[in-house]
Amino acid sequence: MRGHCVLSLQIKSAVESMVKPFLDENGFELVDIEYVKEGSNWFLRVYVDKDGGIDIDDCGRVSEYLSEKLDENDPIPGAYFLEVSSPGAERPLKKPADFVKAVGKHVFVTTYEPVDGLKEFEGMLEAYDETGLKIRMGKKSHEIPSAKLASARLAIVF
């Protein structure tokens, strides 16, 4: 499994370097890249966004460009499916810039170990810096150190 993790990181890095110039030139943002096995199939998933949202035509343009680059450079051994899509309304927060943009928005966060007796937090992201973040749940705020942060995403309030 360790070999797969290293290969996956190499593939993500290669794909990012191939697609990033095209995305930057066209006003798109690279949100995430996944290289995962589901059942017997491998999937290369590239999540992109832009101000005002991304549509099917945008995904098609990115997919066509990336497909050509992948064929030229061939960084992935074996067969796989390429999927280019929007991260959706509940997009993951991975990079520091994602968290900065999410301040003032509703988020869902999980931690590796309990913080204030909880491992799941859903509320308004009040603050973020490299040391951690602060989430308001009802009348109480919780400070979560970066080292304990397992995952984070925007959340839709119903």
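Only a predicted model underlies this, so the values are computations on that prediction, with no experimental measurement involved. (Residues numbered from 1 in each chain as written. Predicted model: local features only at pLDDT ≥ 70, side-chain atom pairs only at ≥ 80, totals over all residues. Heavy atoms only, no water.)

Trainee: Hey, could you run me through the sheet that holds strand β4 (residues 106–115) in this one?
Mentor: Each strand in a sheet pairs with its neighbour through backbone hydrogen bonds, running either in the same direction (parallel) or in the opposite one (antiparallel). Pairing within the open sheet is antiparallel, and its five strands lie in the order β7-β6-β5-β4-β8. The two strands at the open ends of the sheet, each matched to only one other strand, are β7 (140–145) and β8 (149–154). The sheet shows a mean angle of 40° between the axes of neighbouring strands, direction not considered. Pairing geometry for strand β6 (residues 132–137) and β7, over six bridges, is antiparallel. By the bridge assignment, R136 is partnered in β7 with S141. (Pairing = 2+ DSSP bridges. Helix = DSSP H or I, 4+ residues; strand = E, 2+ residues; numbered from the N terminus. Axes fitted to C-alpha atoms, helices over the stretch in contact; angles between N-to-C directions.)

Trainee: Explain the packing of aromatic side chains to me, please; I cannot follow it from the model alone.
Mentor: For any two aromatic rings, the description comes down to two numbers: the centre-to-centre distance and the angle of the planes. The final tally for this structure, using the stated rule, is four aromatic pairs. Taken together, a centroid distance of 4.8 Å and an interplanar angle of 15° make the contact between Y35 and W42 stacked. Pairing F99 with Y128 gives two aromatic rings, centres 4.8 Å apart and planes at 15°, and the pair type is stacked. Placement of F99 in helix α3 (residues 96–102) and of Y128 in strand β5 (residues 118–129) is noted, with a sequence separation of 29 residues between them. (Phe/Tyr/Trp six-rings, centres within 6.5 Å; stacked < 30°, edge-to-face > 60°.)

Trainee: In this structure, what is going on with the pattern of salt bridges? I would like to understand it.
Mentor: Charged atoms that come close allow side chains of opposite charge to pair. In the structure shown here, the tally under the stated rule is 15 salt bridges. Where R45 meets E83, a salt bridge forms, and the shortest distance between an N and an O atom there is 2.6 Å. Linking R45 in strand β2 (residues 41–49) with E83 in strand β3 (residues 81–85), this pair joins segments that are 38 residues apart in sequence. Assessed through its relative accessible area of 11%, R45 is described here as buried. Ionic pairing is found between E72 and K69, a salt bridge with its closest N-O pair at 3.8 Å. Of this pair, E72 and K69 both sit in helix α2 (residues 56–73), separated by three residues, roughly a single helical turn. Using a relative accessible area of 56% as the deciding quantity, one classes E72 as exposed. Each of E29, D49, R91, D98 and K101 takes part in one network of salt bridges that share partners. (Salt bridge = Lys/Arg side-chain N within 4 Å of Asp/Glu carboxyl O. Buried < 20%, exposed > 50% of the residue type's maximum accessible area, 1.4 Å probe, protein only.)

Trainee: Is there a simple way to explain the side chain of D32 in this structure?
Mentor: Along the chain, D32 turns up in strand β1 (residues 29–38). In terms of polar contacts, D32 uses its side chain to reach the side chain of K94, at 3.2 Å. Beyond its immediate chain neighbours, meaning those up to four positions away, D32 contacts R45, V46, Y47 and K94. (Polar contact = N/O pair within 3.5 Å; in protein donor to acceptor, adjacent residues only side chain to side chain. Contact = heavy atoms within 4.5 Å.)

Trainee: Help me out: how do you make sense of the sheet that holds β1 in this one?
Mentor: Here three strands make up an open sheet; going across it, the order is β1-β2-β3 and the pairing mixed. Edge strands, defined here as strands with exactly one partner in the open sheet, are β1 and β3. Here the average twist between neighbouring strands, direction ignored, is 15°. Of the pairings in the sheet, the one linking β2 to β3 comprises five bridges and is parallel in character. Along β3, the bridge assignment pairs R45 with E83.

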